[in-house]
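Letter by letter, the chains look like this.
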Amino acid sequence: MRATINRAHNRIQPRTVLPRYNTKTIKGYALVFGATAIWSGNFIVARVLSHSVPPVTLVVLRSLVAIMVLLPFVVSSLGKEAGLIRKHLGYLALTGFLGMTMCNTLVYIAAPTTKALNMTLIAICSPIFTIFFARVFFRDTLNFWKIIGLMTAVTGVLFLITEGRLSRLGGLTFSRGDLWMLGQAASFALYSILIKIRPAGFSPLVFLFSLVVLGVSYLIPWFIYELPGLTNIAFTPTVVGCIFYLGIGPSLLAYLFWNQSVAIIGPSRAAFVYYCLPLFSGIEGLVLLGEPIGAVHVFSGALILAGVIFSTKG
């Protein structure tokens, strides 16, 4: 009799609701915030080196740094995963081309012929492309909270880059560099979609190493063309430091963080966090360049973060 009562009591108990933000999800968001923060410095370095180092040469040099840093950690695993690499070579070649060749090169090609304001504006189009491609390829739904998050984040970004004067958007002019940046945004979105369907069995470091090697291989003919100009590059401590930062930060750690985060929380949610790119750029501009942060930056940052939070509720 007691057992019967206990079973009936258990049936009417409300089902336990698991917390939405478990440890794995928190890790995913921490990784994507880290990747975005590192990538935000890429635009500052692009402006610093835009007239000092040719674009493809810069990508090749930063890739070589990433390869040298990665090699000791993957050399023992490359043999074990060589079969996987051969099996999925087509996928790796396409993903490396979009994520390493196109994304990196187009930023440096665009930098000398466009304004920083335009670069930031077009770069944050990438989440919109990502959401669109995720809808097309994965049938991802765009529910109420994602729509609210998207609108809030976009408003924050536009408010930030126009310094609170949205009327400035009507006066923006678009140059050849802006078109290169638009291509970069679309390439990064496609890269993020491909990361979602990464073949099983790859260790994160071997996967990234394969993408970097394949990505830089596409640039070898162009690099040979730029080779005579190497004699005109002044490898000052600043230039060398920037190259090593690009090789270890944006080329290595940021991609590693981003790949892992997309695997955990998906490309659409990771894309929303990417809207924080201008926010991180503003903070780095204050620390590294002494650019002040005013009330408009605080308000814009609050809107961007609110948009990210809203988007995770869906």
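Definitions and cut-offs
- Residues numbered from 1 in each chain as written.
- Predicted model: local features only at pLDDT ≥ 70, side-chain atom pairs only at ≥ 80, totals over all residues.
- Heavy atoms only, no water.
- Helix = DSSP H or I, 4+ residues; strand = E, 2+ residues; numbered from the N terminus.
- Buried < 20%, exposed > 50% of the residue type's maximum accessible area, 1.4 Å probe, protein only.
- Contact = heavy atoms within 4.5 Å.
- Areas by Shrake-Rupley, 256 points an atom, 1.4 Å probe, with all protein chains shown as cover.
- Patch = residues over 30% accessible without salt bridge, like charges linked within 9 Å, V, L, I, M, F, W, Y side chains within 5 Å.
- Salt bridge = Lys/Arg side-chain N within 4 Å of Asp/Glu carboxyl O.
- pLDDT = per-residue confidence, 0-100.
- Axes fitted to C-alpha atoms, helices over the stretch in contact; angles between N-to-C directions.
- Parallel < 35°, antiparallel > 145°, perpendicular 65-115°, else oblique.
- Left-handed = near helix turned anticlockwise from the far one by under 90°.
- Nonpolar A, V, L, I, M, F, W, Y, C, P; charged D, E, K, R; others polar.
- Phe/Tyr/Trp six-rings, centres within 6.5 Å; stacked < 30°, edge-to-face > 60°.
- Lys NZ or Arg CZ within 6 Å of the ring centre and 35° of its normal.

Observations concerning the overall build of the protein chain
Phase 1: Each helix and strand in the protein chain was counted, giving 15 helices and zero strands.
Phase 2: When the 314 residues of the protein chain are sorted by exposure, 48% land in the buried category.
Phase 3: Considering only residue pairs separated by 6 or more positions, the protein chain has 92% of its internal contacts joining residues 24 or more positions apart.
Phase 4: As displayed, the protein chain has an accessible area near 15400 Å², and 70% of this comes from carbon and sulfur atoms.

So, a nonpolar patch on the surface
Phase 1: Where nonpolar side chains cluster on the molecular surface, the patch consists of Phe235, Val240, Phe244, Ile248 and Leu253 and spans about 400 Å² of accessible area.
Phase 2: By the secondary structure assignment, Val240 is in helix H12 (residues 237-265).

Observations regarding the confidence of the model for the protein chain
Detailed conclusions should not be drawn from predicted coordinates in areas where pLDDT is low.
Phase 1: Within the protein chain, residue pLDDT values average 80, and 82% of them lie at 70 or more.
Phase 2: Mean pLDDT across the elements of the protein chain bottoms out in helix H1 (residues 2-12) (46) and peaks in helix H10 (residues 204-217) (94).
Phase 3: Contacts from residues 7-19, a stretch scored under 50 in pLDDT, to residues over four places away or in other chains number zero contacts.

With respect to the packing of helix H7 (residues 126-138) against helix H9 (residues 176-196)
Phase 1: Contact geometry for H7 and H9: axes closest at 8 Å, N-to-C directions at 40°. Overall, the two elements H7 and H9 adopt an arrangement that is oblique. Where H7 crosses over H9, the handedness of that crossing is right-handed. Contacts between H7 and H9 involve Ser126, Phe129, Thr130, Phe133, Ala134, Phe137 and Phe138 from the first element and Leu182, Ala185, Ala186, Phe188, Ala189, Leu190, Ser192, Ile193 and Lys196 from the second.
Phase 2: Tallied by class, residues from the contact of H7 with H9 come to twelve nonpolar, three polar and one charged.

Section: the packing of aromatic side chains
When we look at a pair of aromatic rings, we describe it by the centre distance and by the angle of the planes.
Phase 1: Counting across every chain of the model gives nine aromatic pairs.
Phase 2: An aromatic cluster is defined as three or more aromatic residues linked by ring pairs; in this entry it consists of Trp39, Phe188, Tyr191, Tyr255 and Trp258.
Phase 3: Sitting above the plane of the Phe207 ring, Arg198 keeps its charged end 5.0 Å from the centroid.

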